[in-house]
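Here is what each chain is made of, one letter per residue.
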Amino acid sequence: MNTYELPAGLSRDALRCVNEILDVVVPYPDFENSLQGTLKVVQWMREVRMPGGVLLLADSGMGKTLFLQILKRSSAD
């Protein structure tokens, strides 16, 4: 079975539901505050056309990749 084949007995609707469940994120208050603050900074930098970025420092396993994925989704809206 290649990666594009559905496992036996799994419908496309079931696969869609699984993907939706995997995309669920339970934001803790500190995580949500950091995300909202970063979104405000990114929006402000866009408005004033200021080149730059945001430095994200955290230990391994603290959710940096997840944070960036959510930031990307949120800033695309």
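What counts and how
Here the residue numbering is sequential within each chain, running from 1 through the sequence in written order. For this predicted model, a pLDDT threshold of at least 70 governs which residues receive local features, and a threshold of 80 or more governs which side-chain atom pairs are given and counted, while totals over whole chains, interfaces and linings are taken from all residues. Side-chain numbers here rest on the full set of heavy atoms in the structure, without hydrogens or water. Helical segments are the DSSP runs of H or I of at least four residues, strand segments are the runs of E of at least two, and each set is numbered from the N terminus. In this scheme, a residue with accessible area under 20% of its type's maximum is buried, one over 50% is exposed, and one in between is partly exposed, where area comes from a 1.4 Å probe on protein chains only. Residue contacts are defined here by distance: any two heavy atoms, one from each residue, within 4.5 Å place the two residues in contact. For the accessible areas, the method is Shrake-Rupley and the probe is 1.4 Å, while residue cover comes only from the protein chains on display. In a helix, the anticipated span is given by 1.5 Å times the number of residues less one. Directions drawn from the helix axis to the C-beta atoms are what define this arc. Residues belong to one nonpolar core when they are buried, are Ala, Val, Leu, Ile, Met, Phe, Trp, Tyr or Cys, and are joined through side-chain atoms within 4.5 Å. How sure the predictor is of each residue is captured by pLDDT, a score from 0 to 100. Any pair of Phe, Tyr and Trp rings, taking the six-membered ring for Trp, is counted once the centres come within 6.5 Å. Such a pair is stacked with planes under 30 degrees apart, edge-to-face with planes over 60 apart, and tilted for the rest. Any carboxyl oxygen of Asp or Glu within 4 Å of a side-chain nitrogen of Lys or Arg constitutes a salt bridge here.

### A look at the overall build of the protein
Each helix and strand counted, the protein has three helices and zero strands in total. Reading the protein from its N end, one meets helices and strands in the order α-α-α. Looking at the protein as a whole, 12% of its 77 residues are labelled buried. Within the protein, contacts between residues at least 6 apart in sequence are counted, and of these 57% link residues at least 24 apart. Just so you have it, the protein exposes about 6700 Å², and 58% of that area is on carbon and sulfur atoms.

### Describing helix H2 (residues 29-47)
One full turn of an α-helix is made of 3.6 residues, so residues set three or four places apart face in the same direction. The first and last C-alpha atoms of H2 sit 27 Å apart over 19 residues, in line with the 27 Å expected at 1.5 Å per residue. Along H2, the residues that are buried comprise Phe-31, Leu-35, Thr-38, Leu-39, Val-42 and Met-45. Relative to the axis of H2, the buried residues are bounded by an arc of 130° and lie together on one face. Opposite its buried face, H2 presents the exposed residues Pro-29, Asp-30, Asn-33, Lys-40 and Glu-47, each directed more than 90 degrees away.

### Observations concerning the nonpolar core
Core analysis: the biggest nonpolar cluster contains six residues, these being Phe-31, Leu-35, Leu-39, Phe-67, Ile-70 and Leu-71. For this core, the secondary structure elements donating two or more residues are H2 and helix H3 (64-76). Setting aside chain neighbours within four positions, we find Ile-70 in contact with Val-25, Phe-31 and Leu-35.

### Comments concerning the confidence of the model for the protein
Parts of the prediction with low pLDDT should not have their coordinates interpreted in detail. Summary statistics for the protein give a mean pLDDT of 79 and a share of 88% for residues scoring 70 or more. Within the protein, helix H1 (residues 12-22) has the poorest average pLDDT of any element, 80, and H2 the best, 84.

### Structural notes on the packing of aromatic side chains
Enumeration over the complete set of coordinates arrives at one aromatic pair. Here the aromatic rings of Phe-31 and Phe-67 are separated by 5.5 Å at their centres, their planes lie at 80°, and the arrangement is edge-to-face. On the criterion of sequence distance, the pair formed by Phe-31 in helix H2 and Phe-67 in helix H3 is long-range, its members being 36 residues apart. Looking at Phe-67, the relative accessible area reads 7%, which means it is buried.

### Here's the deal with the pattern of salt bridges
Applying the stated criterion to the full structure yields one salt bridge. For the salt bridge of Arg-16 with Glu-20, the shortest nitrogen-to-oxygen distance reads 2.8 Å. On the criterion of helical spacing, the pair formed by Arg-16 and Glu-20 is a turn pair, its members being four residues apart in helix H1.

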